[in-house]
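Survey of secondary and tertiary structure
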Amino acid sequence: MRPLIAGNWKMHGLKAHLGEIRAIAAAARASPPQADILICPPATLIDRAVEAAGGVIAIGGQDCHGKITGAFTGDISAQMLKDDGAQAVIVGHSERRKTYGDTDTRVAAKATAAARAGLMAITCVGESKSVRDAGHALAFCAAQVIASVPPTLTSTTCAIAYEPLWAVGADEAASPADIIEMHAHIRATLIGHLGAEGRSVRLLYGGSVTAVNAAQILALPEVNGALVGRDSLAASDFEAIVAAANPLAMKKTVRT
Ligand code: PGA
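Residues numbered from 1 in each chain as written. Predicted model: local features only at pLDDT ≥ 70, side-chain atom pairs only at ≥ 80, totals over all residues. Heavy atoms only, no water.

So, about the overall build of the protein. Helix and strand counts for the protein come out as 11 helices and 8 strands. Taken over C-alpha atoms, the radius of gyration comes to 17 Å for the protein, in line with the 18 Å a tight globule of 256 residues would show. Projected onto the principal axes, the alpha-carbon positions of the protein cover approximately 45 × 45 × 35 Å. Taken over 256 residues, the protein has a buried fraction of 50%. A fraction of 73% describes how many contacts in the protein between residues 6 or more apart in sequence connect residues 24 or more apart. (Helix = DSSP H or I, 4+ residues; strand = E, 2+ residues; numbered from the N terminus. Rg over C-alpha atoms; globule rule 2.2 N^0.38 Å. Buried < 20%, exposed > 50% of the residue type's maximum accessible area, 1.4 Å probe, protein only. Contact = heavy atoms within 4.5 Å.)

All right, on to the sheet that holds strand β6 (residues 158-162) then. Spatially, 8 strands are ordered β1-β2-β3-β4-β5-β6-β7-β8 in a closed barrel, and the strand pairing comes out parallel. When strand polarity is set aside, the average angle formed by the axes of neighbouring strands in this sheet is 25 degrees. Bridging between strand β5 (residues 120-125) and β6 involves 5 bridges; their strand directions are parallel. Each residue of the ladder has a partner; that of Val125, found in β6, is Tyr162. (Pairing = 2+ DSSP bridges. Axes fitted to C-alpha atoms, helices over the stretch in contact; angles between N-to-C directions.)

So, about the site of the ligand. Residues in contact with the ligand amount to 13 residues; listed here are only the nearest, Lys10, His93, Glu163, Gly169 and Ser208. Within the backbone of Gly229, one N or O atom sits 2.8 Å away from an oxygen atom of the ligand. Of the pockets mapped on this structure, the ligand occupies the second largest pocket. Here the shell around the ligand is built from residues that sort into 4 nonpolar, 6 polar and 3 charged. (Near = heavy atom within 4 Å. Polar contact = N/O pair within 3.5 Å; in protein donor to acceptor, adjacent residues only side chain to side chain. 1 Å grid on protein atoms, 1.4 Å probe; cavity = no way out; pocket = protein on both sides within 12 Å on 5 of 7 lines; lining within 4 Å. Sits in = over half its atoms within 2 Å of the grid points. Nonpolar A, V, L, I, M, F, W, Y, C, P; charged D, E, K, R; others polar.)

Okay, the packing of helix α7 (residues 137-148) against helix α8 (residues 176-194) next. Between α7 and α8, the shortest axis-to-axis distance is 10 Å and the interhelical angle comes to 35 degrees. Of the two possible hands of crossing, α7 and α8 adopt the one that is right-handed. On the side of α7, the interface is formed by Ala137, Leu138, Ala139, Cys141, Ala142, Val145 and Ile146, while α8 contributes Glu181, Met182, His185, Ile186, Thr189, Leu190 and His193. (Left-handed = near helix turned anticlockwise from the far one by under 90°.)

Time to look at the packing of aromatic side chains. If you walk through the whole model with that rule in mind, you get 1 aromatic pair. The side chain of Arg96 reaches across the aromatic face of Tyr100, ending 3.9 Å from its centre. (Phe/Tyr/Trp six-rings, centres within 6.5 Å; stacked < 30°, edge-to-face > 60°. Lys NZ or Arg CZ within 6 Å of the ring centre and 35° of its normal.)

Core analysis: the largest hydrophobic core is formed by 63 residues, its most contacted members being Ile5, Ile21, Ile160, Ile186 and Tyr205. When near neighbours in sequence (up to four residues on either side) are disregarded, Ile186 contacts Val125, Val145, Ile160, Tyr162 and Leu203. Grouped together as the second largest cluster of nonpolar side chains are 14 residues, Cys40, Ile90, Leu204 and Leu227 included. (Core = buried A, V, L, I, M, F, W, Y, C linked by side-chain atoms within 4.5 Å.)

Attention now goes to helix α10 (residues 235-244). Those residues of α10 that fall on the buried side of the exposure criterion are Ala235, Phe238, Ile241, Val242 and Ala244. On the buried face of α10, the contacting elements are β1 (4-8), α1 (18-30), β2 (36-40), α9 (214-218) and β8 (225-228).

Another aspect to go through is the pairing of strand β4 (residues 88-91). Every second residue of β4 is oriented toward a common face, with Ala88 and Ile90 on one face and Val89 and Val91 on the other, all of them buried. Across 2 bridges, strand β3 (residues 58-61) lies against β4 in parallel orientation. Looking across to β4, one finds that Gly61 is bridged to Val89. With helix α3 (residues 78-83) bridging β3 and its parallel neighbour β4, the resulting β-α-β unit is right-handed. Across 4 bridges, the pairing between β4 and β5 is parallel. Bridge pairing in β5 places Ala88 opposite Met120. (Right-handed = clockwise from strand over helix to strand, strands pointing away.)

It is worth spelling out the packing of α1 against helix α2 (residues 46-53) at this point. Where α1 contacts α2, the two axes come as close as 8 Å, and the packing angle between them is 30 degrees. Classified by the interaxial angle, the pair formed by α1 and α2 is roughly parallel. The hand of the α1/α2 crossing is right-handed. Packed against α1, whose contacting residues are Leu18, Ile21, Arg22, Ala25 and Arg29, the element α2 presents Arg48, Ala49, Ala52 and Ala53 at the interface. (Parallel < 35°, antiparallel > 145°, perpendicular 65-115°, else oblique.)

To continue, consider unusual backbone geometry. Even without a glycine there, the phi angle at Ser208 is positive, about 60 degrees. Among the structural elements, Ser208 can be located in the loop between β7 (202-206) and α9. The residue Glu222 is not glycine, and still its phi comes out positive at about 65 degrees. Relative to the helices and strands, Glu222 resides in the loop between α9 and β8.

Rendered as structure tokens:
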């Protein structure tokens, strides 16, 4: 399975930062990466980011509405992202779930809208510290996957990002043991939920992935890429994470 390294710029980035995308694209052109690269800048930059990416890296949105059009002041539809040149969109990020009240049902509607518009929906799941401490992390995330991922999605229209809330924007990523356990559980859940298609849905880890820890995390079983926040903002950090993706290490995680 070809890994996917996705950058989530969150609410960072002005026109001046498009140079980072140009630099990542230039590096990818000079030395073709062994991973798919996606950058999700703020929606205001998508059009220009697509141009800066020069077809070498994909550009995506950070959220979309569940409807195609309508009286939803301030919102952006999946179709609008697609029209701007986006190829993917993040849905159900913990910051959207927490701050804007995105429920699993709403996230599923967004994922469906994304797929209909021809975008890959990167659906985020992840437990809070209190849920983990209570011993319910696996069940919690499996329930989120089942309720947030419409069963009609395929490995082309869907990727999952496991982002434990306590590791997002934190000092440290989740431990390899926690990632291995959770990714195996999410993989089994996906197979139960989507059938054979669930075997080839890419399963990303997110939460304090850095240039330093990326190689270790990306080599873990059932880790098919990363969703990166802070270390996606500067081309040099992000390029190092892309370089850490080794498809040979990931091949052995594909179930037959
Ligand atoms: P982080 O963010 O890499 O800064 O922890 C990840 C995310 O929120 O997607």
